[in-house]
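The residues making up each chain are set out below.
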Amino acid sequence: MKQQPLIFELTKTERQGFSLPTCDVPTKSIEQLVPEAYIRINPPELPEVSEPDAVRHFTQLSQRNYGLDSGFYPLGSCTMKYNPKVNEVIARMDGFQNIHPYQAEDTVQGCLELMYGLDTMLSEISGMARFSLQPAAGAHGELAGLMIIKAYHEQRGENRTKIIVPDSAHGTNPASAAMVGFDVIEVKSNSRGGMDLTSLRESMNEDIAGLMLTNPNTLGLFDENITEIAKIVHDAGGLLYYDGANANAIMGITRPGDMGFDVVHLNLHKTFGTPHGGGGPGSGPVGVREDLVRFLPKPVVEYEEGRYYLDYDRPLSVGRVKAFYGNFSVLVKAYSYIRSKGPDGLRQVSENAVLNANYLLNSLKDMFVLPYDRTCMHECVFSGIKQLVKGVSVLDIAKRLLDYGYHPPTMYFPLIVQEALMMEPTETESKETLDEFIKTLGIIMQEIETNPELVKSAPHNTVVARLDEVAAARHPKVRWRRSL
Amino acid sequence: MSQQEMLNQIGLGTVEELFGDIPQEVRLSRDLNLPVALSEFELLNHTQNLSRKNLNLNDHTCFLGAGAYDHFIPSAVDALLSRQEFYTAYTPYQPEISQGMLQAIFEFQTMICELTGMDIANASMYDGASALAEAMLLACQSQKRQEVLVARTVHPESREVLKTYAKFRGLTVREVGYLDGQLNIQELKETVTSDTAAIIVQNPNFFGTMESLGEIGEIAHNNKALFIVSADPISLGILKSPGELGADIVVGEGQSLGNPLNFGGPYLGFFAVKEKLLRKIPGRIVGETKDKNGNRSFTLTIQTREQHIRREKATSNICSNQALNALAATIYLTLLGKQGLKEVALLSLQKSHYAFEQLTSHDNFSPVFSSPFFKEFVIQSVVSPQELNRKLLDHKIIGGYPLEQTYPELTNGWLVAVTEKRTKEEIDSFVLKAGGQ
């Protein structure tokens with residue numbers, strides 16, 4: 001495939017892909033309306049192309065991108081499940097898409113009813129009392145959740161300054177804690193991949209505001225000691241935070257609230273089937289147990305006497321974390337997803353997600369090293385150290401998978417597994433797709449034996465070959481400039 | 001059945017055995033209490049009914065803005081966004097199969113730099129308000145100071161988000177009042193201290209009024225504070241860029257650039273800085289490099305700032321941003337081009353001034369400020385704006401934003417927005433109905 005020029009390089013002076021009506025009101029000169037000092041003299045260097053040129057350009061770009069509909073996407077911790085098309089149609093309905101956020105409440109009862117309904121359903125699924133739908137992504141939900149934890153302690157007159165995070169946690173956990181002004185204490189995992197109870201007990205004291213936990217964790221393993229963990233944290237006055245990025249294994253089976261978690265965020269763009277958009281928009285609602293509802297970001301949708309309204313009068317709220325009410329069209333898609341599944345359907349989602357992950361685990365455990373040989377939940381984590389001995393890294397294997405038309409698994413995460421390869425097949429993949437993927441990995445294993453260079457120099461069939469990422473970071477070129 | 005086949009291969013008899021690690025005491029021993037599943041057809045009917053409980057802007061004429069604007073969106077934008085290769089993809093972690101999104105973001109970063117007059121832009125933030133909060137955090141960290149000054153003319157919700165982010169980091173946000181709809185420069189001079197990390201303004205501000213950016217920037221720099229501007233990207237088609245007027249960080253709400261109103265989101269925040277702040281900025285950045293065959297290619301770069309590497313020492317926790325919304329903005333700005341953006345800005349400017357003159361020539365309305373404005377303005381009505389809006393709704397018109405809820409001193413203040421979409425006929429009818437005839 002040829003390289004695609006930058007849109008700026010396709011510019012021809014005074015071409016335009018857009019037509020506007022002529023001005024139908026009496027006009028004044030711009031100098032009469034705008035003080036001279038503010039008038040722009042140097043126009044922004046925007047492209048000048050026709051509509052067909054623009055459409056071809058972005059179509060060409062799309063063909064250089066791999067989407068979920070392109071093929072299997074077993075990216076661990078990302079829950080790349082199929083995104084039902086009907087949800088795209090629903091989100092584009094006039095009555096959802098063309099609504100201004102400041103319209104009078106009487107004119108947006110449908111939007112508010114949908115949000116209230118989604119809040120209720122997420123609360124039931126996770127065993128929490130209420131959700132705020134405001135956070136725009138998982139990390140944003142973590143931020144709001146940690147604010148709630150801080151506000152809770154402050155309201156009780158306690159100054160707790162530290163958050164415990166296991167060494168297997170997502171990078172966003174410590175980063176979010178730091179954003180809220182907490183110090184981070186890292187606790188090691190035990191030999192079964194769970195939380196080390198002795199270390200946890202030793203770390204707990206009156207400075208600890210809470211523990212952030214992912215369960216099932218990033219190894220794809222369910223921590224059997226969860227009730228004991230919750231007790232240790234609660235007995236020491238801390239709160240338990242659930243990183244719900246990995247919730248695809250538990251729907252209808254167990255609930256964070258029943259496990260003892262106090263604050264939860266869910267990624268609608270993972271578990272609830274809304275598309276990732278190539279890096280967003282996501283949505284990361286944050287839910288809490290009953291006595292923490294008063295700390296939720298405001299406004300919250302309430303219902304009274306047949307009418308939905310936005311409640312701003314919440315004096316203990318942590319405040320607002322975003323303008324308006326959340327990524328509404330993502331909420332529409334998640335609402336539609338849950339309504340299309342129902343209680344049985346959601347449980348089946350989790351059962352099949354776990355079955356698929358265990359099928360992969362079982363089929364590949366002789367090929368790779370399995371650091372924790374247990375039944376997994378929604379994802380499984382292997383180590384590629386056997387292959388590394390032969391001079392081939394998991395990065396090489398991932399790149400070779402590109403040649404066979406796959407999006408590779410997550411690599412080098414979680415950090416506690418050397419040469420980690422983390423696979424999350426999700427429930428929407430068939431046995432045939434998994435078998436084909438397993439077969440392909442088998443072929444790559446043979447290539448490692450017979451022609452390792454082929455793997456180490458992969459990919460060979462993509463529009464670009466391996467990139468010089470070191471040069472990119474050392475001499476950053478992060479925008480185009482017209483060459484003089 | 002393949003399920004049983006798969007179980008057999010794993011060596012298990014039932015699906016139930018897969019969940020053996022979950023202790024019985026935390027199992028859900030009942031069905032989830034949720035409505036039963038709907039078929040696709042039933043789901044469409046159900047959601048269509050729900051959506052019809054809202055009044056939408058296809059059936060109504062909109063004079064409401066206040067941070068979210070009814071600009072025209074060319075059809076090609078959604079057609080291109082609907083390509084699955086874009087909207088169903090994950091963050092472009094595998095550059096070899098993500099060149100499309102990476103190149104589009106590189107183009108987006110360039111366009112934002114061009115609009116704002118800055119050197120570096122990131123791949124987007126959640127929205128304009130959270131981008132402003134991240135700018136505040138950057139300024140406090142970079143200047144090693146604990147306080148920021150924000151104009152009361154900045155969007156009320158942006159100021160709320162600033163305060164939320166500041167409160168939990170032990171930072172102080174002090175507000176500076178306004179005079180004739182613009183930041184009160186005298187008050188600013190009296191408020192700024194040697195602990196001020198940044199002065200934060202919005203331009204055009206929440207009232208639609210233009211701020212004296214150059215003068216405010218000088219005050220910031222004389223006090224070794226950073227100058228942060230939240231800009232309306234459409235206005236930058238005709239207004240001098242904040243970069244030319246001394247801004248160190250320019251952020252803004254990018255909804256106007258090809259994104260539907262969607263009851264408040266998803267929108268996108270943009271975030272641009274001068275070169276010296278490159279390694280301090282939050283979020284994803286795409287950079288140009290070469291592949292091993294020497295071909296131009298694009299990749300996420302300078303990732304040592306980010307949470308997945310730096311963990312608690314990262315510049316921010318942001319991970320997913322608003323990539324698809326940034327793509328919409330890129331396509332929109334491509335279609336408009338250099339001339340089109342200027343035309344949209346000029347039409348909005350002319351039409352809002354026409355509406356302002358028509359309204360204020362009516363006995364029921366009077367101007368509140370005399371400062372220059374762009375596409376939005378404040379007038380005072382003799383009756384309450386809520387009542388006016390209710391009346392206008394009967395004529396399928398969505399009226400302006402009642403200001404008293406956030407600015408109690410502006411009795412019966414009404415914030416009216418007029419974009420390029422409003423025709424003379426619509427404006428005349430709006431004025432006539434609002435005037436009570």
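As a starting point, this report considers the structure included with it. No experiment lies behind these values; they were computed from the predicted model shown.

1. A few points about the layout of surface pockets
Next up, step 1: Each pocket or cavity is described by its volume, and for the largest pocket that value is around 1,200 Å³.
Next up, step 2: As for the largest pocket, its lining consists of 45 residues, and the residues nearest its centre are A:Thr410, A:Met411, B:Tyr93, B:Gln303 and B:His308.
Next up, step 3: Mapped onto the lining of the largest pocket, the elements with two or more residues apiece are α6 (138-155), α13 (394-403), β11 (410-411) and α16 (469-474) of chain A together with β12 (296-300) and α10 (307-310) of chain B.
Next up, step 4: Approximately 870 Å³ is the volume found for the second largest pocket.
Next up, step 5: As for the second largest pocket, its lining consists of 33 residues, and the residues nearest its centre are A:Tyr102, A:Gln103, A:Ala104, B:Pro402 and B:Gln405.
Next up, step 6: Secondary structure elements with two or more residues in the lining of the second largest pocket: β9 (307-311) of chain A together with α7 (156-167), α12 (385-393), β15 (397-398) and β16 (401-402) of chain B.
Next up, step 7: For the lining of the second largest pocket, the element with the most residues is α7(B), which contributes five residues.

2. Some details on the interface of chain A and chain B
Next up, step 1: Of the residues lining the interface, 203 residues belong to chain A; the matching set on chain B comes to 178 residues.
Next up, step 2: Counting the surface lost from both chain A and chain B, the interface buries some 16,700 Å², and carbon and sulfur atoms represent 61% of this.
Next up, step 3: Taken together, the links from chain A to chain B amount to 17 salt bridges.
Next up, step 4: A salt bridge links B:Lys53 to A:Glu113; its shortest N-O distance comes to 2.8 Å.
Next up, step 5: Taken together, the connections running from chain A to chain B amount to 102 residue pairs in polar contact (both at pLDDT 80 or more).
Next up, step 6: Top contributing element to the side of chain A that touches chain B by residue count: helix α11 (residues 328-364) of chain A, with 24 residues.
Next up, step 7: Partitioning the side of chain A that touches chain B into residue classes produces 105 nonpolar, 57 polar and 41 charged.

3. Examining the pattern of salt bridges
Next up, step 1: Applying the stated criterion across every chain, the model contains 62 salt bridges over all chains.
Next up, step 2: We note a salt bridge from A:Lys81 to A:Glu427, for which the minimum N-O separation is 3.0 Å. One end of the pair, A:Lys81, is in the loop between α2 (51-62) and α3 (85-91); the other, A:Glu427, is in the loop between β12 (420-423) and α14 (431-450), and 346 residues separate them in sequence.
Next up, step 3: Judged by its relative accessible area of 1%, A:Lys81 falls in the buried class.
Next up, step 4: Ionic pairing is found between B:Arg174 and B:Glu147, a salt bridge with its closest N-O pair at 3.2 Å. Taken together, the positions of B:Arg174 in strand β4 (residues 172-176) and B:Glu147 in strand β3 (residues 147-151) put the pair 27 residues apart, joining distant regions of the chain.
Next up, step 5: With a relative accessible area of 32%, B:Arg174 lands in the partly exposed category.
Next up, step 6: Through salt bridges with shared partners, a single ionic network connects A:Asp119, A:Arg130, A:Glu302, A:Asp311 and A:Arg314.

What counts as what
- Residues numbered from 1 in each chain as written.
- Chains lettered and ligands numbered in written order.
- Predicted model: local features only at pLDDT ≥ 70, side-chain atom pairs only at ≥ 80, totals over all residues.
- Heavy atoms only, no water.
- 1 Å grid on protein atoms, 1.4 Å probe; cavity = no way out; pocket = protein on both sides within 12 Å on 5 of 7 lines; lining within 4 Å.
- Points joined across faces, edges and corners; volume = space filled by probe spheres on them.
- Helix = DSSP H or I, 4+ residues; strand = E, 2+ residues; numbered from the N terminus.
- Contact = heavy atoms within 4.5 Å.
- Buried area = accessible area lost by both parts, 1.4 Å probe.
- Salt bridge = Lys/Arg side-chain N within 4 Å of Asp/Glu carboxyl O.
- Polar contact = N/O pair within 3.5 Å; in protein donor to acceptor, adjacent residues only side chain to side chain.
- Nonpolar A, V, L, I, M, F, W, Y, C, P; charged D, E, K, R; others polar.
- Buried < 20%, exposed > 50% of the residue type's maximum accessible area, 1.4 Å probe, protein only.

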